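# Report on the structure
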Amino acid sequence: MKQKDMQLFRLYPLGDSAITVQFGDTIDKAIHAKVRAFSTYLDRHPFAGFVEQVPAYNTVTVYYDPWQASEKGFYNPYTHVTEQLQYILKVARENDKAAAPRVVEIPVCYNGSFGPDLEYVARHTKLTPQEVIASHIRCKYRVYMIGFAPGFPYLGGMAKKLTTPRKQNPRPHIPAGSVGIAGGQTGIYPIETPGGWQLIGRTPLLLFDPNREQPSLLQAGDEVKFVAISEDEFWQRKERAHGA
Amino acid sequence: MGLETLKPGMLTTLQDKGRYGHQREGIITSGAMDTFACRVANMLAGNADDEAVLEITLVGPTIRFTEDQLIALTGADLSPELNGERVAMWRPLLVKKESILSFGAPVSGCRAYLAVSGGFAIPKLMGSYATYLQAGIGGYKGRALQARDLIPCNSPTPAGIALFPQMAGADYAAASWTPDPQFYPNYTSNPTLRVIKGPEYELFSGNSQEQIWTERFQVSAQSDRMGYRLQGVSLYLSEEAELISTAVTFGTVQVPPDGNPIVLMADHQTTGGYPRILQVVRVDLPILAQVVPGQTITFEEVSLEEAQQLYIRREQNLTQLARAIQLKHNL
């Protein structure tokens, strides 16, 4: 399926130690499925000299060590790595089970102090707070990329009607786990930072834990579902998340 | 055993070759700005090249050694002194218990590296010792050193111990040998850096494409471990372009809408959306790491193939250097 499409790509060097594979030039699920397929295959079949990869909206950037990848000077490293990436482009399949998105449920308490801007978002969108929550929960979100801060997901798929501009004056401290809206995007703050997003709720989950084997809870390609929880449940789950 | 900071210096952090494998999770690589000096410091101290070292920025700390130690200082010359006496760099140094290491005026370069034989006894986090300043994790308590910190050290390596008898001196003893500097990057103030064209080079106006090669850019005071902000001519795209965020890397020269280029350094974010006009070749990043704000840089184009050949030669030289140092240690 769609094997031909996998070959619509562009390869370009990002300096002397990385190559970016670009699929198309728009942000959408179909293109990200190619990113995901390529990235998943590369995870399972790394080549000699491979260092790491960064999947993004429409690209996968592959970092390599030219010294190792050239077998200590035997090959031209760029040519050698390019050939291996072209092979992956040929064999990676979008309908590969391993490349299917993982669904991650994120419990969110939208109550009172956890969502200080919920009222504002409701006024701006001409909805009731309950309707804002219902709409936020109904959507399925795609994690296109993790960046900006450790574990910070760039999510696509929010209902257009929830679009609300950022705050005029950013808050100096936004608690970790805060769920917010900025323009047409929704996101979750993994660590306490300053920020200008409209905060509508908070999750008790740790989006970033440096001591976990996989420090970021979410990975590019995941599908996210928000689930509303009560304040009691928030504290119970928070204790569980931080207790162990 | 360990060392105590009497004064912390301007920005003294524990670093190593960097934290790799987690950029896809938004976790930056951190690590030494000048990885060449960092690795050679370790080799001279008888370590593998991936131990933690202290990165010392412009104004150095004052450090007391709680035990006899074998150390090495590389990178910038920030006038290091042991017990008030100027001490040589780029060679093993045996320091006696209770010795005081201090620094004076910066002579050349921006960042010095201090390695101790056996390495610092701090836990690895996500596979690296590097301090991740923005997240407050890694290194020593996730932060720059402060006064009265006590940083524990491991016991010296056998290679380090082998050097002790060679250096029976008073307060300290410096090895008489030092690596041949022909192996070093061409450290110089106001350097010309070798670059390859960045992915968006062609999107810049004809004028900007010309000026990037001819103009001199000043490294502004708003430069740090995340990036160097450059001042000189402003650079513009030939027409506005909306770019989709993608990965960026150490040495990427990106241009935000204000037209002033930024070179991304060791603490750069993992992704970005500004057009990337140039990419500094990897072998010249140590030279850039030693540029002090206020100094200027220019760019010179090399091919990708040349950049990679330079890198391979650098690694060959470092392998040879490691071997030569091992021979000295085993004398």
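Residues numbered from 1 in each chain as written. Chains lettered and ligands numbered in written order. Predicted model: local features only at pLDDT ≥ 70, side-chain atom pairs only at ≥ 80, totals over all residues. Heavy atoms only, no water.

### Concerning the overall build of chain A
A tally of helices and strands in chain A yields seven helices and 13 strands. Projecting the C-alpha coordinates of chain A onto the three principal axes gives extents of approximately 65 × 40 × 35 Å. Residues classed as buried in chain A amount to 56% of the 244 residues present. Across chain A, every contact between residues at least 6 apart in sequence was considered, and the portion connecting residues at least 24 apart equals 62%. Of the accessible surface of chain A, which amounts to about 11,000 Å², a share of 52% is contributed by carbon and sulfur atoms. For chain A, the separation between the mean place of its 28 positive charges and that of its 24 negative charges on side chains is 6 Å. (Helix = DSSP H or I, 4+ residues; strand = E, 2+ residues; numbered from the N terminus. Buried < 20%, exposed > 50% of the residue type's maximum accessible area, 1.4 Å probe, protein only. Contact = heavy atoms within 4.5 Å. Areas by Shrake-Rupley, 256 points an atom, 1.4 Å probe, with all protein chains shown as cover. Lys, Arg positive; Asp, Glu negative; His and termini not counted. Charge placed at Lys NZ, Arg CZ, Asp CG, Glu CD.)

### Section: the pairing of strand β4 (residues 59-64) of chain A
Residue and element names in this part refer to chain A. Burial of β4 is extensive: six of the six residues sit out of reach of the surface. The alternating pattern of β4 places T59, T61 and Y63 and V60, V62 and Y64 on opposite faces, both of which are buried. Sheet topology note: the strand β2 (residues 18-22)/β4 ladder contains five bridges and is antiparallel. Considered in β4, the bridge of A18 is made with Y63. Alignment of strand β3 (residues 50-55) against β4, held across five bridges, turns out to be antiparallel. (Pairing = 2+ DSSP bridges.)

### Structural notes on the pairing of strand β9 (residues 100-103) of chain B
Residues and elements named next belong to chain B. By the bridge criterion, two bridges tie strand β4 (residues 62-65) to β9 in an arrangement that is antiparallel. Its bridge partner being in β9, R64 is matched across the sheet by I100. In this sheet, β9 lies alongside strand β6 (residues 80-82) in antiparallel orientation, the contact comprising three bridges. Across the sheet, residue L82 finds its bridge partner in β9, namely L101.

### Quick notes on the nonpolar core
Buried together is how nonpolar side chains tend to be arranged in soluble globular proteins. Formed by 78 residues in total, the largest nonpolar core has its most connected members in L3 and F120 of chain B. Looking at which element gives the most residues to this core, the answer is helix α1 (residues 35-44) of chain B, with seven residues. With near-sequence residues (within four places) excluded, F120 of chain B lies in contact with L3, L14, E51, A52, V53, L54, L114, I151, P152, C153 and N154 of chain B. Listed in part, the 30 residues of the second largest apolar core include L85 of chain A together with V302, A307 and I312 of chain B. (Core = buried A, V, L, I, M, F, W, Y, C linked by side-chain atoms within 4.5 Å.)

### What about the sheet that holds strand β7 (residues 153-156) of chain A?
All names here are of chain A. Strands sit in the order β5-β13-β6-β7 across an open sheet of four strands; the sheet is mixed. Taken across any chain shown, the strands that pair with only one partner, and hence form the sheet edges, are β5 (103-108) and β7. Across the sheet, the mean angle from the axis of one strand to that of its neighbour is 40 degrees, orientation sign disregarded. Pairing analysis gives four bridges linking strand β6 (residues 141-146) to β7, with the strands arranged antiparallel. The partner of M145 across the bridge, within β7, is Y154. Running over the sheet, helix α6 (residues 129-138) touches β6 and β13 (223-228) and is turned about 145 degrees from β13. (Axes fitted to C-alpha atoms, helices over the stretch in contact; angles between N-to-C directions.)

### Here we look at the sheet that holds strand β1 (residues 10-13) of chain A
Residues and elements named next belong to chain A. The strand order across the open sheet formed by four strands is β1-β2-β4-β3, and the pairing between neighbours is antiparallel. At either margin of the open sheet sits one strand with a lone partner, and together these are β1 and β3. Ignoring strand direction, the axes of neighbouring strands in this sheet form an average angle of 20 degrees. As defined by bridge partners, β1 adjoins β2 across four bridges and the pair is classed as antiparallel. Within the sheet, the bridge partner assigned to L11 lies in β2 and is V21.

### Let's talk about the environment of P210 of chain A
For P210 of chain A, the position within the fold is in the loop between β12 (198-202) and β13. Its relative accessible area of 17% is what places P210 of chain A among the buried residues. On a C-alpha basis, the gap between P210 of chain A and P150 of chain A in space is 9.1 Å, while along the polypeptide they are 60 residues apart. If sequence neighbours within four positions are ignored, P210 of chain A has contacts with P215 of chain A together with L125, M126 and I137 of chain B.

### Some words on the interface of chain B and chain A
The parts lose accessible area when they come together, and the size of an interface is often stated as this lost area. Each partner contributes to the interface: chain B provides 39 residues, whereas chain A provides 48 residues. Together chain B and chain A conceal approximately 3,400 Å² of surface at their shared face, both sides included; 60% is due to carbon and sulfur atoms. At the junction of chain B with chain A, the criterion picks out one salt bridge. D43 of chain A is the salt-bridge partner of R24 of chain B, the closest N and O atoms lying 2.9 Å from each other. (Buried area = accessible area lost by both parts, 1.4 Å probe. Salt bridge = Lys/Arg side-chain N within 4 Å of Asp/Glu carboxyl O.)

### Here's the deal with the layout of surface pockets
Of the voids in this model, the largest pocket is the one considered here, and its volume is about 1,100 Å³. Looking at the largest pocket, it is lined by 43 residues, and the ones nearest its centre are Q254, T271, G272, G273 and Y274 of chain B. Contributing elements (two or more residues each) for the lining of the largest pocket: β11 (193-195) of chain A together with β15 (227-231), β18 (262-264) and β19 (271-272) of chain B. The class makeup of the residues in the lining of the largest pocket is 25 nonpolar, 13 polar and five charged. (1 Å grid on protein atoms, 1.4 Å probe; cavity = no way out; pocket = protein on both sides within 12 Å on 5 of 7 lines; lining within 4 Å. Points joined across faces, edges and corners; volume = space filled by probe spheres on them. Nonpolar A, V, L, I, M, F, W, Y, C, P; charged D, E, K, R; others polar.)

### Looking at the domain arrangement of chain A
All names here are of chain A. As far as domains go, chain A holds domain 1 (3-99) and domain 2 (103-243). On a C-alpha basis, the centres of domain 1 and domain 2 stand 31 Å from each other. It is K29, H32 and Y57 that lose the most area in domain 1 upon contact with domain 2, and together they represent 61% of the buried surface on that side. Counting across the interface, domain 1 meets domain 2 through three residue pairs in polar contact (both at pLDDT 80 or more). When residues in the side of domain 1 that touches domain 2 are grouped by element, the largest group, three residues, is from helix α2 (residues 29-44). Across the side of domain 1 that touches domain 2, the residue classes tally to four nonpolar, one polar and three charged. (Domains from an automatic or database assignment. Polar contact = N/O pair within 3.5 Å; in protein donor to acceptor, adjacent residues only side chain to side chain.)

### Focus on the domain arrangement of chain B
Residue and element names in this part refer to chain B. The domain boundaries assigned to chain B delineate domain 1 (2-178) and domain 2 (192-310). Between domain 1 and domain 2, the C-alpha centre-to-centre distance is 29 Å. Counting residues at the interface gives 23 residues for domain 1, matched by 18 residues for domain 2. Summed over both sides, the interface of domain 1 with domain 2 buries roughly 1,500 Å², with 54% coming from carbon and sulfur. When the buried area of domain 1 at its contact with domain 2 is split by residue, I28, M33 and R111 rank highest and sum to 35% of it. Of the charged contacts, one joins R225 and E55 as a salt bridge, the two residues approaching to 2.8 Å between their closest N and O atoms. At the surface where domain 1 touches domain 2, the tally comes to nine residue pairs in polar contact (both at pLDDT 80 or more). Of all the secondary structure elements, the ones that give two or more residues to the side of domain 1 that touches domain 2 are β5 (69-77) and β10 (108-116). Class assignment of the residues belonging to the side of domain 1 that touches domain 2 gives a composition of 11 nonpolar, nine polar and three charged.

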